[in-house]
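Okay, here's what each chain looks like letter by letter:
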Amino acid sequence: MSTIFITGGTGCIGSVTIYKLLQSPEVEKIVVATRSTNLEPLKLWLGEDLDPRVEFVTLDVADYDAIEEVITRVNPTHIIHLGAYQSPDCSAYHVRGMEINTGGTMALFDVAEKLPDLKKFVFASSAAVYGMRSMYPNPGITEDAQLAPPNHYGIWKLAGEHLARLFHDNSKVPTVCLRLNTTYGKGRDRGKTSAPTNALKAIAQGAVKGEVMPFEMPYQGRENYHFVEDVGAQFAACTLQDFEGFGAFNIKGETIGITDFLQIVKEQSEKLDMGEYAQLSIAEGADPNLFVSDLSHEKINKTFKDLPLTTIEEGVFRSLVEFRDMAEKGVLEYPIL
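Caption draft 1: Region of interest: helix α9 (residues 258-271). Between the first and last C-alpha of α9 there are 20 Å, a value that for 14 residues agrees with the 20 Å anticipated at 1.5 Å per step. Its buried side turned inward, α9 meets α7 (195-209), β8 (215-220), β9 (222-227), β11 (254-257), β12 (280-288) and α11 (312-329). Positive backbone phi, approximately 60°, marks aspartate 273, located one or two places after α9.

Structure representation (C-alpha coordinates):
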(Lines give C-alpha, C1' and ligand atoms only; values in the text may rest on other atoms or scores of the structure.)
Protein backbone atom coordinates (compact mmCIF):
# COMPACT_ATOMS: atom_id res chain seq x y z
CA MET A 1 0.00 0.00 0.00
CA SER A 2 1.14 3.55 -0.77
CA THR A 3 1.39 6.70 1.30
CA ILE A 4 1.70 9.65 -1.06
CA PHE A 5 2.98 13.06 -0.01
CA ILE A 6 1.99 15.82 -2.43
CA THR A 7 2.84 19.51 -2.46
CA GLY A 8 0.52 21.90 -4.26
CA GLY A 9 -2.30 19.43 -3.78
CA THR A 10 -4.99 22.11 -3.56
CA GLY A 11 -4.06 23.63 -6.90
CA CYS A 12 -5.52 22.75 -10.29
CA ILE A 13 -3.18 19.91 -11.23
CA GLY A 14 -2.73 18.71 -7.68
CA SER A 15 -6.47 18.39 -7.14
CA VAL A 16 -7.12 16.37 -10.28
CA THR A 17 -4.05 14.22 -9.59
CA ILE A 18 -5.42 13.37 -6.15
CA TYR A 19 -8.78 12.55 -7.75
CA LYS A 20 -7.07 10.11 -10.10
CA LEU A 21 -4.80 8.62 -7.42
CA LEU A 22 -7.80 7.82 -5.24
CA GLN A 23 -9.16 5.60 -8.00
CA SER A 24 -6.30 3.17 -7.34
CA PRO A 25 -6.80 0.54 -4.59
CA GLU A 26 -3.04 0.73 -4.03
CA VAL A 27 -3.33 4.19 -2.43
CA GLU A 28 -3.84 3.99 1.33
CA LYS A 29 -3.23 7.63 2.27
CA ILE A 30 -2.52 10.97 0.59
CA VAL A 31 -0.94 13.69 2.69
CA VAL A 32 -1.47 17.10 1.09
CA ALA A 33 1.01 19.84 1.97
CA THR A 34 -0.34 23.29 1.24
CA ARG A 35 0.03 26.94 2.21
CA SER A 36 -3.61 27.55 1.30
CA THR A 37 -6.74 26.89 3.33
CA ASN A 38 -8.85 26.99 0.16
CA LEU A 39 -10.07 23.46 -0.52
CA GLU A 40 -12.54 24.43 -3.25
CA PRO A 41 -10.34 23.13 -6.12
CA LEU A 42 -10.25 19.72 -4.43
CA LYS A 43 -13.99 19.78 -3.80
CA LEU A 44 -14.55 20.28 -7.54
CA TRP A 45 -13.28 16.72 -7.98
CA LEU A 46 -13.95 14.99 -4.66
CA GLY A 47 -17.17 16.64 -3.50
CA GLU A 48 -17.87 18.45 -0.24
CA ASP A 49 -16.93 15.53 1.99
CA LEU A 50 -13.57 14.93 0.25
CA ASP A 51 -12.19 11.47 1.06
CA PRO A 52 -11.07 9.99 4.40
CA ARG A 53 -7.78 8.90 2.83
CA VAL A 54 -6.81 12.56 2.27
CA GLU A 55 -5.03 14.37 5.11
CA PHE A 56 -3.70 17.93 5.22
CA VAL A 57 -0.62 19.59 6.65
CA THR A 58 0.14 23.30 6.50
CA LEU A 59 3.59 23.75 4.99
CA ASP A 60 5.65 26.44 3.32
CA VAL A 61 8.04 24.58 1.02
CA ALA A 62 10.58 27.35 1.54
CA ASP A 63 10.78 26.42 5.25
CA TYR A 64 13.48 23.73 5.42
CA ASP A 65 12.99 22.85 9.09
CA ALA A 66 9.25 22.41 8.63
CA ILE A 67 9.78 20.24 5.55
CA GLU A 68 12.16 17.97 7.43
CA GLU A 69 9.82 17.58 10.39
CA VAL A 70 6.69 16.91 8.34
CA ILE A 71 8.11 14.55 5.72
CA THR A 72 10.11 12.55 8.24
CA ARG A 73 6.96 12.09 10.31
CA VAL A 74 4.83 11.08 7.29
CA ASN A 75 7.54 8.78 5.84
CA PRO A 76 5.87 8.53 2.42
CA THR A 77 6.39 5.84 -0.17
CA HIS A 78 5.86 8.37 -2.98
CA ILE A 79 6.37 12.13 -3.30
CA ILE A 80 4.74 14.36 -5.93
CA HIS A 81 6.11 17.90 -5.96
CA LEU A 82 3.70 20.32 -7.63
CA GLY A 83 3.95 23.32 -5.33
CA ALA A 84 5.40 26.36 -7.12
CA TYR A 85 4.97 30.02 -7.95
CA GLN A 86 3.44 30.40 -11.42
CA SER A 87 4.89 32.51 -14.23
CA PRO A 88 3.18 35.83 -13.39
CA ASP A 89 4.23 35.61 -9.74
CA CYS A 90 7.76 34.60 -10.67
CA SER A 91 8.05 37.68 -12.86
CA ALA A 92 6.69 39.98 -10.15
CA TYR A 93 8.44 38.48 -7.13
CA HIS A 94 11.77 37.07 -8.30
CA VAL A 95 13.37 36.37 -4.94
CA ARG A 96 10.29 34.74 -3.40
CA GLY A 97 9.83 32.69 -6.55
CA MET A 98 13.41 31.46 -6.31
CA GLU A 99 12.99 30.59 -2.63
CA ILE A 100 9.92 28.47 -3.38
CA ASN A 101 10.59 27.04 -6.84
CA THR A 102 14.29 26.28 -6.34
CA GLY A 103 14.96 26.46 -2.60
CA GLY A 104 11.84 24.52 -1.67
CA THR A 105 12.54 21.89 -4.32
CA MET A 106 16.11 21.48 -3.09
CA ALA A 107 14.89 21.12 0.50
CA LEU A 108 12.40 18.42 -0.50
CA PHE A 109 15.07 16.43 -2.31
CA ASP A 110 17.51 16.82 0.58
CA VAL A 111 14.99 15.44 3.07
CA ALA A 112 13.76 12.76 0.65
CA GLU A 113 17.27 11.30 0.45
CA LYS A 114 16.92 10.29 4.12
CA LEU A 115 13.57 8.52 3.80
CA PRO A 116 13.80 4.75 4.31
CA ASP A 117 10.71 3.67 2.36
CA LEU A 118 10.58 6.09 -0.60
CA LYS A 119 9.87 4.31 -3.88
CA LYS A 120 9.29 7.20 -6.33
CA PHE A 121 9.69 10.97 -6.63
CA VAL A 122 7.68 12.82 -9.30
CA PHE A 123 8.57 16.45 -10.04
CA ALA A 124 6.26 18.77 -11.97
CA SER A 125 8.45 20.49 -14.53
CA SER A 126 7.30 22.56 -17.50
CA ALA A 127 7.68 23.11 -21.23
CA ALA A 128 9.15 26.45 -20.10
CA VAL A 129 12.50 24.63 -19.80
CA TYR A 130 12.72 24.76 -23.60
CA GLY A 131 13.79 27.88 -25.47
CA MET A 132 11.89 30.33 -27.62
CA ARG A 133 9.93 28.59 -30.35
CA SER A 134 12.17 30.12 -33.03
CA MET A 135 14.89 27.73 -31.82
CA TYR A 136 12.93 24.71 -33.05
CA PRO A 137 12.02 24.92 -36.75
CA ASN A 138 10.66 21.37 -36.88
CA PRO A 139 7.68 19.89 -34.99
CA GLY A 140 7.97 16.95 -32.66
CA ILE A 141 10.36 18.47 -30.13
CA THR A 142 11.87 15.72 -28.01
CA GLU A 143 13.17 15.80 -24.46
CA ASP A 144 16.81 15.89 -25.58
CA ALA A 145 16.38 19.19 -27.49
CA GLN A 146 18.44 22.20 -26.46
CA LEU A 147 17.07 23.86 -23.32
CA ALA A 148 17.16 27.64 -22.94
CA PRO A 149 14.33 28.80 -20.63
CA PRO A 150 12.89 32.19 -21.69
CA ASN A 151 11.85 33.37 -18.21
CA HIS A 152 12.54 32.94 -14.50
CA TYR A 153 9.86 30.28 -14.13
CA GLY A 154 11.52 28.11 -16.78
CA ILE A 155 14.98 28.65 -15.33
CA TRP A 156 13.83 27.49 -11.92
CA LYS A 157 12.00 24.48 -13.38
CA LEU A 158 15.17 23.47 -15.20
CA ALA A 159 17.09 23.87 -11.94
CA GLY A 160 14.51 21.54 -10.38
CA GLU A 161 15.18 18.93 -13.05
CA HIS A 162 18.92 19.07 -12.33
CA LEU A 163 18.22 18.72 -8.62
CA ALA A 164 15.99 15.73 -9.43
CA ARG A 165 18.80 14.09 -11.40
CA LEU A 166 21.27 14.72 -8.57
CA PHE A 167 18.76 13.29 -6.07
CA HIS A 168 18.47 10.13 -8.13
CA ASP A 169 22.24 9.83 -8.47
CA ASN A 170 22.60 10.06 -4.70
CA SER A 171 19.62 7.98 -3.60
CA LYS A 172 18.89 5.64 -6.55
CA VAL A 173 15.17 6.34 -5.96
CA PRO A 174 13.29 6.30 -9.30
CA THR A 175 12.69 9.92 -10.26
CA VAL A 176 10.40 11.36 -12.93
CA CYS A 177 10.16 14.95 -14.23
CA LEU A 178 6.99 15.74 -16.18
CA ARG A 179 7.02 18.69 -18.58
CA LEU A 180 3.60 20.12 -19.29
CA ASN A 181 2.33 23.06 -21.25
CA THR A 182 -1.20 24.53 -21.43
CA THR A 183 -3.67 22.70 -19.22
CA TYR A 184 -7.33 23.57 -19.80
CA GLY A 185 -10.58 22.55 -18.14
CA LYS A 186 -12.19 22.45 -14.71
CA GLY A 187 -10.12 24.03 -11.95
CA ARG A 188 -7.70 25.84 -14.27
CA ASP A 189 -8.02 29.33 -12.84
CA ARG A 190 -4.61 30.97 -12.61
CA GLY A 191 -1.68 31.88 -14.82
CA LYS A 192 -1.36 33.36 -18.29
CA THR A 193 -2.17 30.09 -20.05
CA SER A 194 -5.47 29.85 -18.20
CA ALA A 195 -6.80 31.99 -21.08
CA PRO A 196 -8.22 29.03 -23.09
CA THR A 197 -10.13 27.91 -19.99
CA ASN A 198 -11.42 31.42 -19.33
CA ALA A 199 -12.69 31.55 -22.91
CA LEU A 200 -14.81 28.49 -22.14
CA LYS A 201 -16.00 30.02 -18.88
CA ALA A 202 -17.08 33.19 -20.67
CA ILE A 203 -19.35 31.17 -22.94
CA ALA A 204 -20.87 29.11 -20.14
CA GLN A 205 -21.41 32.12 -17.91
CA GLY A 206 -22.87 34.12 -20.75
CA ALA A 207 -25.27 31.33 -21.71
CA VAL A 208 -26.60 31.06 -18.16
CA LYS A 209 -26.91 34.84 -17.75
CA GLY A 210 -28.35 35.28 -21.22
CA GLU A 211 -25.75 37.85 -22.26
CA VAL A 212 -22.74 37.68 -24.55
CA MET A 213 -19.42 37.97 -22.70
CA PRO A 214 -16.80 38.60 -25.40
CA PHE A 215 -13.37 37.10 -24.75
CA GLU A 216 -10.05 38.03 -26.34
CA MET A 217 -7.07 35.69 -26.24
CA PRO A 218 -4.08 37.71 -24.96
CA TYR A 219 -1.56 35.90 -27.19
CA GLN A 220 -1.45 34.25 -30.60
CA GLY A 221 0.31 31.44 -32.47
CA ARG A 222 0.32 27.74 -31.68
CA GLU A 223 -0.27 26.07 -28.34
CA ASN A 224 0.25 22.63 -26.83
CA TYR A 225 -3.01 21.68 -25.06
CA HIS A 226 -3.58 19.16 -22.25
CA PHE A 227 -7.07 18.31 -21.00
CA VAL A 228 -7.01 18.62 -17.21
CA GLU A 229 -8.19 15.06 -16.49
CA ASP A 230 -5.47 13.70 -18.76
CA VAL A 231 -2.85 15.62 -16.80
CA GLY A 232 -4.08 14.22 -13.49
CA ALA A 233 -4.22 10.70 -14.90
CA GLN A 234 -0.68 10.97 -16.26
CA PHE A 235 0.75 12.25 -12.98
CA ALA A 236 -1.03 9.44 -11.13
CA ALA A 237 0.17 6.78 -13.58
CA CYS A 238 3.76 7.98 -13.54
CA THR A 239 3.65 7.92 -9.74
CA LEU A 240 2.23 4.42 -9.33
CA GLN A 241 3.53 2.49 -12.33
CA ASP A 242 6.88 0.71 -12.25
CA PHE A 243 9.85 2.79 -13.40
CA GLU A 244 13.58 2.60 -12.80
CA GLY A 245 16.17 5.35 -13.09
CA PHE A 246 15.74 9.04 -13.88
CA GLY A 247 13.77 10.55 -16.74
CA ALA A 248 12.28 13.80 -18.01
CA PHE A 249 9.14 13.46 -20.13
CA ASN A 250 6.82 15.66 -22.15
CA ILE A 251 3.30 14.71 -21.09
CA LYS A 252 0.82 13.78 -23.79
CA GLY A 253 -1.01 16.62 -25.50
CA GLU A 254 -2.02 18.06 -28.87
CA THR A 255 -0.62 21.14 -30.59
CA ILE A 256 -2.79 23.31 -32.83
CA GLY A 257 -3.07 26.98 -33.70
CA ILE A 258 -4.97 29.20 -31.29
CA THR A 259 -7.36 30.22 -34.09
CA ASP A 260 -8.08 26.52 -34.66
CA PHE A 261 -8.71 26.04 -30.95
CA LEU A 262 -11.20 28.92 -30.92
CA GLN A 263 -12.97 27.42 -33.93
CA ILE A 264 -13.30 24.10 -32.09
CA VAL A 265 -14.72 25.96 -29.10
CA LYS A 266 -17.26 27.65 -31.35
CA GLU A 267 -18.31 24.33 -32.91
CA GLN A 268 -18.67 22.56 -29.56
CA SER A 269 -20.63 25.51 -28.16
CA GLU A 270 -23.08 25.19 -31.01
CA LYS A 271 -23.61 21.51 -30.20
CA LEU A 272 -24.64 22.59 -26.72
CA ASP A 273 -26.90 25.40 -27.98
CA MET A 274 -24.45 27.99 -26.65
CA GLY A 275 -23.01 29.06 -29.99
CA GLU A 276 -24.49 32.57 -29.88
CA TYR A 277 -22.45 33.22 -26.71
CA ALA A 278 -19.14 32.13 -28.24
CA GLN A 279 -17.81 35.56 -29.19
CA LEU A 280 -14.10 34.83 -29.17
CA SER A 281 -11.15 36.54 -30.82
CA ILE A 282 -7.44 37.22 -30.49
CA ALA A 283 -6.58 40.61 -29.07
CA GLU A 284 -5.29 43.13 -31.60
CA GLY A 285 -1.51 43.27 -31.48
CA ALA A 286 -1.34 40.18 -29.24
CA ASP A 287 2.19 38.91 -28.71
CA PRO A 288 3.09 35.40 -29.88
CA ASN A 289 2.77 32.68 -27.27
CA LEU A 290 6.07 32.68 -25.42
CA PHE A 291 6.36 28.98 -24.74
CA VAL A 292 7.33 26.35 -27.26
CA SER A 293 4.71 23.96 -28.62
CA ASP A 294 4.79 20.96 -31.01
CA LEU A 295 6.13 18.73 -28.25
CA SER A 296 6.64 15.02 -28.91
CA HIS A 297 5.14 12.64 -26.35
CA GLU A 298 6.58 9.47 -27.88
CA LYS A 299 8.96 8.88 -24.95
CA ILE A 300 6.35 8.94 -22.19
CA ASN A 301 3.96 6.86 -24.29
CA LYS A 302 6.60 4.13 -24.62
CA THR A 303 7.61 4.23 -20.96
CA PHE A 304 4.24 4.25 -19.18
CA LYS A 305 1.08 2.31 -19.97
CA ASP A 306 -2.43 3.40 -20.92
CA LEU A 307 -1.94 7.16 -20.66
CA PRO A 308 -5.03 9.01 -21.90
CA LEU A 309 -5.12 11.61 -24.66
CA THR A 310 -8.54 13.21 -24.91
CA THR A 311 -9.20 14.97 -28.20
CA ILE A 312 -9.48 18.73 -27.95
CA GLU A 313 -13.05 18.48 -29.28
CA GLU A 314 -14.09 16.14 -26.47
CA GLY A 315 -12.15 18.03 -23.81
CA VAL A 316 -13.74 21.32 -24.81
CA PHE A 317 -17.23 19.76 -24.93
CA ARG A 318 -16.86 18.23 -21.47
CA SER A 319 -15.45 21.45 -20.04
CA LEU A 320 -18.32 23.52 -21.42
CA VAL A 321 -20.85 21.12 -19.90
CA GLU A 322 -19.16 21.31 -16.50
CA PHE A 323 -18.78 25.08 -16.60
CA ARG A 324 -22.42 25.56 -17.57
CA ASP A 325 -23.46 23.36 -14.66
CA MET A 326 -21.24 25.36 -12.30
CA ALA A 327 -22.63 28.64 -13.63
CA GLU A 328 -26.18 27.42 -13.06
CA LYS A 329 -25.24 26.63 -9.45
CA GLY A 330 -23.62 30.05 -9.05
CA VAL A 331 -20.16 28.65 -8.31
CA LEU A 332 -18.33 29.46 -11.54
CA GLU A 333 -15.54 31.95 -10.97
CA TYR A 334 -15.21 34.30 -13.93
CA PRO A 335 -13.41 36.39 -14.90
CA ILE A 336 -10.09 35.44 -13.32
CA LEU A 337 -7.73 38.39 -13.53
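Moving on, there is more to tell.
Caption draft 2: Examining the nonpolar core more closely. Ile18, Ile30, Leu178, Phe235 and Val316 are the most contacted members of the largest nonpolar core, which has 66 residues in total. The element that contributes the greatest number of residues to this core is helix α8 (residues 228-240), accounting for 7 residues. Of all hydrophobic cores here, the second largest spans 27 residues; its members include Val61, Ile67, Val111 and Leu115.

Caption draft 3: Inspection of the packing of aromatic side chains at higher detail. Throughout the structure, instances matching the rule amount to 12 aromatic pairs. Centroid distance tyrosine 184 to phenylalanine 261: 6.0 Å. Interplanar angle 75°. Geometry classified as edge-to-face. You can see tyrosine 184 sitting in strand β7 (residues 182-184) and its partner phenylalanine 261 sitting in helix α9, a full 77 residues away along the chain. Assessed through its relative accessible area of 1%, tyrosine 184 is described here as buried. The class of phenylalanine 261 is buried, set by a relative accessible area of 0%.

Caption draft 4: Summary view of the pattern of salt bridges. Counting across every chain of the model gives 15 salt bridges. Between glutamate 48 and lysine 43 there is a salt bridge whose closest N-O contact spans 3.5 Å. On the accessibility criterion, lysine 43 (23% relative accessible area) is partly exposed.

Caption draft 5: Looking closely at the sheet that holds strand β6 (residues 175-180). Taken together, the 7 strands give an open sheet; going across it, the order is β3-β2-β1-β4-β5-β6-β10, and neighbouring strands pair in parallel fashion. What marks the edges here is a single partner per strand, and that holds for β3 (54-58) and β10 (246-250). Pairwise comparison of adjacent strand axes, ignoring direction, gives a mean angle of 20° for this sheet. As judged from the 6 bridges shared by strand β1 (residues 2-7) and strand β2 (residues 27-34), these two strands associate in the parallel manner. Following the sheet pairing, phenylalanine 5 is matched in β2 by valine 31. Most of the contacts of helix α3 (residues 64-74) go to β1, to which it runs at about 160°, and overall it touches β1, β2 and β3.

Caption draft 6: Region of the structure containing the sheet that holds β7. Reading across the sheet, the 3 strands line up as β7-β9-β11 and stay open at both edges, with mixed pairing between neighbours. With partners counted over all chains shown, the strands left at the sheet margins are β7 and β11, one partner each. Sheet twist, expressed as the average angle between the axes of neighbouring strands with direction ignored, equals 45°. Of the strand pairs in this sheet, β7 and β9 are connected by 3 bridges, and their pairing is parallel. Considered in β9, the bridge of threonine 182 is made with tyrosine 225. Contacting β7 and β9, α8 crosses the sheet at an angle of about 65° to β9.

Thresholds, definitions, all that
- Residues numbered from 1 in each chain as written.
- Predicted model: local features only at pLDDT ≥ 70, side-chain atom pairs only at ≥ 80, totals over all residues.
- Heavy atoms only, no water.
- Helix = DSSP H or I, 4+ residues; strand = E, 2+ residues; numbered from the N terminus.
- Expected span 1.5 Å × (residues − 1).
- Contact = heavy atoms within 4.5 Å.
- Core = buried A, V, L, I, M, F, W, Y, C linked by side-chain atoms within 4.5 Å.
- Buried < 20%, exposed > 50% of the residue type's maximum accessible area, 1.4 Å probe, protein only.
- Phe/Tyr/Trp six-rings, centres within 6.5 Å; stacked < 30°, edge-to-face > 60°.
- Salt bridge = Lys/Arg side-chain N within 4 Å of Asp/Glu carboxyl O.
- Pairing = 2+ DSSP bridges.
- Axes fitted to C-alpha atoms, helices over the stretch in contact; angles between N-to-C directions.

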